[in-house]
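Secondary and tertiary structure notes
Chain residues, written in single-letter form:
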Amino acid sequence: MIIVVGGIKGGSGKTTVATNLTVMRSLVKDVLLIDADDQESASDFTILRNEQQPTGAGYTSIRLSGAAVRTETKRLVNKYEEIVIDTGGRDTASQRAALTIASVLLVPFVPRSFDVWTLEKVSELVGEMRTVNPKLKAYAFINRADPAGRDNEEAAEIIRETAELEFIDCPLGSRKAFSNAAAKGLGVVEHKPTDPKAVNEMNALYQYLFSTKEISD
Ligand SMILES: Nc1ncnc2c1ncn2[C@@H]1O[C@H](COP(=O)(O)OP(=O)(O)OP(=O)(O)O)[C@@H](O)[C@H]1O
Ligand SMILES: [Mg+2]
């Protein structure tokens, strides 16, 4: 499975989700994390993780950009059991290249107007990419969910109505544990002291992605 964590909004949580999924998946599979964002945050995370963990990061990480995201990934696909691609916060050539070969696009959405307003454009992008990659599955979920109020549900409603995206009801709350863990090169499930809510939410998203038959097939 090639999972692209994408979308066209900066700061929605793509790198947080890509690195957490990679860390968790690498416990059971040989995972390649591809950093396709010129900001290199996923690579920085991996460098830090390699320094901090006595046994190293636990997965392989490379940086790719532009058309190489397609060509190099195609060459590597049989060498790894799972590939996670982190993309930048715009509609880039790298993200498009990734989507030509991806099995799954996963898009985090912060329940705020500016983020939700990009939904239609993401939907158009997915529609376009499906003309070259008809098997592409595309899912969206809410990241940085509010502890209360109507914004989460309103954003969820708009995602459900968006043509090319399927809504996954596995929100991640806005929790300091995510950034605290990342700052130490850790997944939120590894971070001490444990934030049980963050761990449960991340586990639910992981389970959904890797245990739902229609996604992993
Ligand atoms: N669920 C969350 N709770 C709290 N903070 C979060 C959460 N998700 C992400 N963050 C924080 O929000 C910021 C942006 O997250 P992240 O870097 O993962 O977004 P991104 O989509 O990769 O950004 P970019 O578009 O710049 O690549 C980071 O400081 C991260 O720690
Ligand atoms: Mg990022």
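Residues numbered from 1 in each chain as written. Chains lettered and ligands numbered in written order. Predicted model: local features only at pLDDT ≥ 70, side-chain atom pairs only at ≥ 80, totals over all residues. Heavy atoms only, no water.

**A few points about the pairing of strand β5 (residues 104-109)**
- Within β5, six of the six residues are buried, leaving the element largely enclosed by the surrounding structure.
- Here β5 shows no split at all, with Val104, Leu106 and Pro108 on one side and Leu105, Val107 and Phe109 on the other all buried.
- Bridge count between strand β1 (residues 2-5) and β5: three bridges; the pairing is parallel. Bridge assignment links isoleucine 3 to a residue of β5, and that residue is valine 104.
- Here β5 runs beside strand β6 (residues 137-145); their pairing, made up of six bridges, is parallel. For valine 104, the partnering residue across the bridge sits in β6 and is lysine 137. (Buried < 20%, exposed > 50% of the residue type's maximum accessible area, 1.4 Å probe, protein only. Helix = DSSP H or I, 4+ residues; strand = E, 2+ residues; numbered from the N terminus. Pairing = 2+ DSSP bridges.)

**Thoughts on the packing of aromatic side chains**
- Across all of its chains, the model carries two aromatic pairs by this definition.
- Between tyrosine 206 and phenylalanine 210 the ring centres are 4.7 Å apart and the planes differ by 45°, which places this aromatic pair in the tilted class. With a gap of four residues between them, tyrosine 206 and phenylalanine 210 both fall in helix α9 (residues 196-211), about one helical turn apart.
- The class of tyrosine 206 is buried, set by a relative accessible area of 10%.
- With a relative accessible area of 10%, phenylalanine 210 lands in the buried category. (Phe/Tyr/Trp six-rings, centres within 6.5 Å; stacked < 30°, edge-to-face > 60°.)

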